[in-house]
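# Observations on the three-dimensional arrangement
This is what each chain is made of:
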Amino acid sequence: VLTLGTMNPAIRRLEYAVRGPIVTRALQLEQDLRQGVPKPFTEVIKANIGDAHAMGQKPITFLRQVTALCLCPELLASPNIPEDAKARARRLLAACGGHSAGAYSASPGIELVRGDVARFIERRDGIAARAQDIFLSTGASDAIVSILKLLVTGEGPTRTGVLVPIPQYPLYSAAIAELSAVQLNYYLAEDNCWALDVAELRRAVTEGRRRCCPRVLCIINPGNPTGQVQSRQCIEDVIKFAYEEKLFLMADEVYQDNIYAEGSAFYSFKKVLFEMGPPYSEVVELASFHSVSKGFMGECGFRGGYVEVVNMDPEVHQQLSKLVSVRLCPPVPGQILLDAVVDPPQPGEPSYELFMAEKNEVLSSLAHKARLTQEIFNRTPGICCNPVQGAMYSFPRIHLPPRACAAAQAQGQAPDMFFCMKLLEETGICVVPGSGFGQREGTFHFRWVL
């Protein structure tokens, strides 16, 4: 019944580079090392994916304590756990069905957690937020796909076009392929520290209208894989463009804690939108995403995140509620950990000093690695790298000699895949080629994880 010829062709078109063939080879090399096969390295360094704890980052104590207390309530009797963590856990357990983290939650998430997320957004932006506009999710990825599902419609020239930055995080290209939407690329300016140019957005929309109906504009800020941080003026320009072109804005803001460069600052799209005032604040539709997987937390495995929707049609809002109900609910441990992130220890509470020390240590270490990354790559022959302003990545450009390009072609590989495979085989360092993220024709890159 099911063959490559009869299966869903959209799934065949789907690709996801950060867990692609180079990672498969890295796993084989790890197996070889365990079996004693001699290699010119002693370990495989997985710089292919932003999995902080897998690379040695220590969990934040308070986040794990609250989660552990909810999963194992008998720990509430332990004298070794601070009272503020216990108070958070009791409050969360009281909001769970049967006072158990093993019960289903409401489909949009535990109401208490949604309220805490709303208050977190209000503190961050100085703008009111409503719990009913917040949908908890299985990481940000699940929420991004859900919003795209609402937006994709039409056939042929009326099919939904989705503008994505190039380079982009391949979740977007994969989801667009799976939904049979039309991907419209807009290129970030590598010679201007990967800045977003509205003129390039306009080009992409104009060309896109010849073959589809552009309806969605995806922004990743801070950038993945490029590590840039957008200025407030840039965000204002993007919002005006979305208003003029009647585009739905999707703002991927999962790296909002990861700002390193002097002079760079994170501005949420929601904050800028509302401070711009009417007509923008009343009309522009926005979905913004956050996650516990990145930032200073790095808790990828808990799969916790949320989307906040702004200016969404009330009837569509009901349809989103229906859509998320199909998957019953996001993982409750992920919701619990998310709550500990958005409701952290406050000054004077027992956990505050350790929490702040651990948080600052992680972020200062990442800032140091961001500076090192730029400096060392730019000292390396054949590699140049923009400043890493934020997020967890750099996207260095590699200048490959003609013989290397010819050798890659002879093996049926993209030149940057050829480079990355050689790097893996000779050093044990696993990175993803730029062709997996998109890049301008004739340029070659790889993504490096800090």
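Once a new chain begins, its residue numbering starts again from 1 and follows that chain's sequence as written. Given that this is a predicted model, residues contribute local features only at a pLDDT of at least 70 and side-chain atom pairs are listed and counted only at 80 or more, while totals for whole chains, interfaces and linings are drawn from all residues. Working from all heavy atoms in the structure, the side-chain values ignore hydrogens and water.

## Things to note about the side chain of K270
Helical segments are the DSSP runs of H or I of at least four residues, strand segments are the runs of E of at least two, and each set is numbered from the N terminus. With respect to the secondary-structure elements, K270 resides in helix α10 (residues 269-276). Under the relative-accessibility criterion, K270 is labelled buried at 2%. Only 2.9 Å separates the side chain of K270 from the backbone oxygen of A128, close enough to count as a polar contact. With a 1.4 Å probe rolled over the protein chains alone, any residue whose accessible area is under 20% of its type maximum counts as buried; one over 50% counts as exposed, and the rest are partly exposed. Polar contacts, as counted here, are pairs of nitrogen or oxygen atoms within 3.5 Å of one another; within protein the pair requires one atom able to donate a hydrogen and one able to accept it, and residues that are adjacent in sequence qualify only if both atoms are side-chain atoms.

## Quick notes on the environment of V362
Looking at where V362 falls in the secondary structure, it is placed in helix α14 (residues 352-379). For V362 and V44, which are 318 residues apart along the polypeptide, the C-alpha to C-alpha distance reads 23 Å.

## Regarding the pairing of strand β4 (residues 182-187)
Burial along β4 is one-sided: V182, L184 and Y186 are buried, and none of Q183, N185 and Y187, which face the opposite way, are. When DSSP finds at least two bridges between two strands, those strands are taken to pair. Where strand β3 (residues 160-166) meets β4, six bridges bridge the pair, whose relative direction is parallel. Bridge pairing in β4 places G161 opposite V182. The crossover handedness rule: strands pointing away from the viewer, path from first strand over the helix to second strand clockwise, crossover right-handed. The handedness of the β3 to β4 crossover, carried by helix α7 (residues 171-178), is right-handed.

## Some remarks on the sheet that holds strand β5 (residues 213-220)
Pairing within the open sheet is mixed, and its seven strands lie in the order β2-β8-β7-β6-β5-β3-β4. Bordering the open sheet on either side are β2 (134-138) and β4, each of which pairs with just one other strand. On average, each strand axis in the sheet is tilted by 25° relative to the strand beside it, whichever way the strands run. Note on definitions: a residue-residue contact is assigned when non-hydrogen atoms from the two residues lie within 4.5 Å. For every element, the axis is a line fit to its C-alpha atoms; helices are fit only across the contacting stretch, and the angle between N-to-C directions ranges from 0 to 180 degrees. Lying on the sheet, helix α8 (residues 198-208) is in contact with β3, β4 and β5; it crosses β4 at an angle near 150°.

## Focus on the domain arrangement of the protein chain
Residue ranges for the domains originate in an automatic or database domain assignment. Taken domain by domain, the protein chain holds domain 1 (9-56 + 358-449) and domain 2 (111-342). Summarising the inter-unit geometry, the C-alpha centres of domain 1 and domain 2 are found 26 Å apart. The interface of domain 1 with domain 2 comprises 36 residues on the first partner and 36 residues on the second. Roughly 3,100 Å² is buried in total at the junction of domain 1 and domain 2, and carbon and sulfur atoms are behind 58% of that figure. What makes a salt bridge here is a side-chain nitrogen of Lys or Arg within 4 Å of a carboxyl oxygen of Asp or Glu, nothing more. Counting every contact that joins domain 1 to domain 2 gives one salt bridge. With its nearest N and O atoms 4.0 Å apart, the salt bridge here joins R397 to E190. Inspection of the domain 1/domain 2 interface yields 13 residue pairs in polar contact (both at pLDDT 80 or more). When contributions to the side of domain 1 that touches domain 2 are tallied by element, the ones reaching two or more residues are α1 (9-13), α14 and β10 (393-394). The greatest single-element share of the side of domain 1 that touches domain 2, amounting to six residues, is contributed by α14. A quick way to say it: buried area is the sum, across both parts, of accessible area lost when two parts are put together, with a 1.4 Å probe.

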